[in-house]
Amino acid sequence: MRVLKKILLIISILIILILIGGYMYFNSLKPDYSGNITLSNMENETTVYFDDYGIPHIYAQNQYDATTALGYVHAQDRLWQMELMRRIAPGRLSEIFGKDMLKNDQFFVSLGIEEASRKSMEKLDKNGEVFKLAVAYLNGVNQFIENGPTPIEFTLIGIEKEKYQLNDIYNILGYMSFSFAMAQKTDPLLSVLKEKLGDDYLKELNIEIGPNTTFIKNSKESIADFSEMVASVNEVMEKSPIQPFIGSNSWVVSPKKTTTGKVIFANDPHIGFSQPAVWYEAHIITPNYELYGYHLAGVPFPLLGHNRNYAYGLTMFENDDIDFYKEENDPTDNTKYKTPNGFETYKTATKTIKVKDTADVTITVRTSRHGSIMNDALDAITQTEPVAMSWIYTKFDVEVLAALHTISRAAEMKDVKKGASMIHAPGLNIMYGDAKGNVAWWATGKLYKLNPNVNRNFILNGASGENDPIEYLDFSSNPMAENPTWNYVYSANNQPDSIANILYPGYYLSEDRAKRIVQLLEPKNNWNKESMSAMITDVTSSVSPGLVKEFAKTMDYNSFSKNEQKAIDILQLWDGSNTPDQVAPTIYNKWIYLYLKNTFEDEMGTKLFTQFLATHLSKRVIAEQLEKDSSIWWDDITTKNKTETRKEILSKSLVEAVAFLENQLGNDKKDWNWGKVHTLEHEHPLGKVAALKNYFNVGPFPINGAREVINNLGFDYTDSGLYKVNAGPSTRRIIDFSDIENSISILPTGQSGNPFSKHYKDQAEMYNKGEFRKMKMNEEEIKRVSTKLIISAKK
């Protein structure tokens, strides 16, 4: 008995020691929000106040010390996110995740981002402020890497920390730039549809095909390759551990439209949701500089920001900055390809991709005069007919880092405009407002013209030279507005007015959000912070009720069953709002999906239809097609001796939608709440492991909003009847220049990417409810609510 007691005592002591050790270990992984640390390469003592949401307010004697401190605190909250971000462009995800990420690595390593980064760094002035501040930021990041605790993700995966370098910053910006693009999903798809279905079908999608448009001749192999290209790119982007930028809203109203006589600025960039959230907020204060900014992981200069004098933000321009060219190999030597001046040799580069737990993979990447050969980047494409990707980002010197520095250090409106002019890619709308009463926006991007008979919606002929750009436009030709007479500027990724006498090609979104924004802004001249906060969380569609009315004009109400009639009644009484308790959005979205499926899938086939749904074109076509009484698409080609009409397709879709929802949610329509099927979960890369999901993921939550309302909480249409939100506002910011210290914002989850931090998800519930918290700028208030970290300069 005594022996048993001793054994139990020893076991108990061991358990207690393990628990104490575990507690101490996990506690050691938390970020240091208070205390004293010492950093090298700093001139003076710097103080960081972490407010009640973990946002650092950095008080320093100069910008270099402040930026070193920023690097340190950014790393302690987001080092895992920074690690993922820097690995994407150079193809280093397989090194930590294994062969599952090999397709991603092979694709990105072939795009030329690393080469573009290297060229830009070589030209960077090593005595200039951009370089010096970037080095100061890296200095802070690397000191945390050397001296700080190792994030739990590194330990679980089994990887070592590595120092950050300047090329990592450039590579992160390169990935960001590519994630804005849509051509890689759309151009090959349209080329397949043209070959499979013909011009008449494309014209009904509002794809302009002029009588003089020239097209390349494509073999069956080419068409199969184009389809595989779309499928492969979609798979790569879906598997990426860092989600892409997809859209955005912003509007800025002039003093004439506010109750205070001061500018009010609003912005909510739409980005794929993940955990941690995209933006890291930081407030820097020195004797000659102040900015409250939003940083990407690993980037020293904020993409969004404001101070007491001005505010800036961004949306996606959605211009077409990628073209695909089918090259023509030399029949006797496939190392050469045809150009207008004869055959030239492909440039080649050998890339080695390290793969966890298996042998390295070596690939050879070819580049033509147009760009990288996609056949080398995507295994699914055959090698017989090479397709090159011409991307503006790799055609010109990359000045994005310098541009962000210029914008974030602006003294006047013209400085922000100058910074915008330095960004050749990606295409952005830089939104602006200031304390002097100015409002403006400028579209960034190097725009260009092709010959009139060239349609860049399709894969182009690379051999003749006739499809190459004939003119690059000066920035002054880009869309922009400065202090317009209508007293506001806005962007919702919609088509801008004509540029250089043409409607500039792009992958613009439907009018839904833009129409609603104008509908709200135009008549009202008494805007304030409260009404702006209501607008930025608005969940009402200005388009959906109109589509229901269009359906009502064509349908035969008495042909439907009583249950179907009840569903129609709910839709007809709907005001277009999308809240979790509503039933109408559940019926509407299932009906819209089935209308698209019944209209397009019979001609496209299942694979192409799925690819079509992943493009902006599918969103634009919803209203355009539904309003057409006569269209070649209405006929179901799988039925014989019958030509279907709009009325039949829309009615059939309604019947199928009701039947599906009865099976999914029961016969009582009161139970068909939007919140049951429309949910949001912020997924961490390690959350894919079932045992870790509850520790790393945030959610799921029932959530309001929908696709293409102002509170744009997007999802993919699938057969499931579930609308899992995968993208939406990455922040909501409202800056009121009449009360700058009480401007407001919110993040989707929290400021910290460290799962042991109390700020990992402390904003999630507020975000879901459409609530805000202050972006504090008042020093007294900051000190009152904050913990203090003192950073001393190492002697």
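Residue positions within a chain follow its written sequence, with the count starting from 1. Local features in this predicted model are restricted to residues whose pLDDT is 70 or higher, and side-chain atom pairs enter the listing and the counts only when it is 80 or higher, whereas totals over whole chains, interfaces and linings include all residues. Only hydrogens and water are removed before side-chain values are computed, so all heavy atoms of the structure are retained for them.

### Side note on the overall build of the chain
Here comes step 1: Here a strand is any run of E in DSSP of at least two residues, a helix any run of H or I of at least four, and the numbering for each starts at the N terminus. Of regular secondary structure, the chain possesses 27 helices and 32 strands.
Here comes step 2: For the chain, the spread of C-alpha atoms along the three principal axes comes to 85 × 80 × 70 Å.
Here comes step 3: Working definition: with a 1.4 Å probe on protein chains only, accessible area under 20% of the residue-type maximum means buried, over 50% means exposed, and in between means partly exposed. Sorting the 795 residues of the chain into buried and exposed places 62% on the buried side.
Here comes step 4: Within the chain, contacts between residues at least 6 apart in sequence are counted, and of these 71% link residues at least 24 apart.
Here comes step 5: All accessibility values rest on the Shrake-Rupley procedure with a 1.4 Å probe; residue burial counts only the protein chains present in the view. Only carbon and sulfur atoms are counted for the fraction: they give 50% of the accessible area of the chain, which is about 31100 Å². Contacts: residue pairs with any heavy atoms within 4.5 Å of one another.

### Quick look at the packing of aromatic side chains
Here comes step 1: Think of it this way: a Phe, Tyr or Trp ring, Trp meaning its six-membered ring, pairs with another when their centres are within 6.5 Å, and the plane angle makes it stacked under 30 degrees, edge-to-face over 60, tilted otherwise. Applying the stated criterion to the full structure yields 34 aromatic pairs.
Here comes step 2: With 4.9 Å between their ring centres and 25° between their planes, Trp391 and Tyr393 make a pair best called stacked. Tyr393 carries the same exposure label as Trp391, and that label is buried.
Here comes step 3: Judged by centre distance (6.5 Å) and plane angle (75°), the ring pair of Phe551 and Phe560 falls under edge-to-face.
Here comes step 4: In this structure an aromatic cluster arises from ring pairing among Phe107, Phe108, Tyr175, Phe178, Trp391 and Tyr393.
Here comes step 5: As a reminder, the over-ring test applies to NZ of lysine and CZ of arginine, requiring each to be within 6 Å of the ring centre and within 35 degrees of the ring normal. A cation over an aromatic ring shows up here: Arg366 above the ring of Tyr346, its NZ or CZ 5.1 Å from the ring centre.
Here comes step 6: Its end group placed over the ring of Trp527, Lys524 keeps NZ or CZ at 5.1 Å from the ring centre.

### Re the environment of Gly261
Here comes step 1: Structurally, Gly261 can be placed in the loop between strand 4 (245-253) and strand 5 (264-272).
Here comes step 2: For Gly261, a relative accessible area of 35% translates into the label partly exposed.
Here comes step 3: Between the C-alpha atoms of Gly261 and Glu662, which are 401 residues apart in sequence, the distance is 53 Å.

### Thoughts on the confidence of the model for the chain
Here comes step 1: Confidence of the predictor at the level of single residues is captured by pLDDT, which takes values from 0 to 100. When the pLDDT values of the chain are averaged, the result is 91; 92% of them are 70 or greater.
Here comes step 2: Low confidence marks residues 211-219, where pLDDT is under 50. Its contacts with residues over four positions away, or in another chain, come to 20 contacts.

### Looking at the environment of Pro729
Here comes step 1: As for its placement among the helices and strands, Pro729 is situated in strand 28 (residues 727-729).
Here comes step 2: Remark: the alpha-carbon pair of Pro729 and Leu39, spanning 690 residues in sequence, is separated by 36 Å.
Here comes step 3: Excluding residues that lie within four positions of it along the chain, Pro729 makes contacts with Asp268, Pro269, His270, Phe273, Asn711, Asn712, Leu713, Pro748 and Tyr767.

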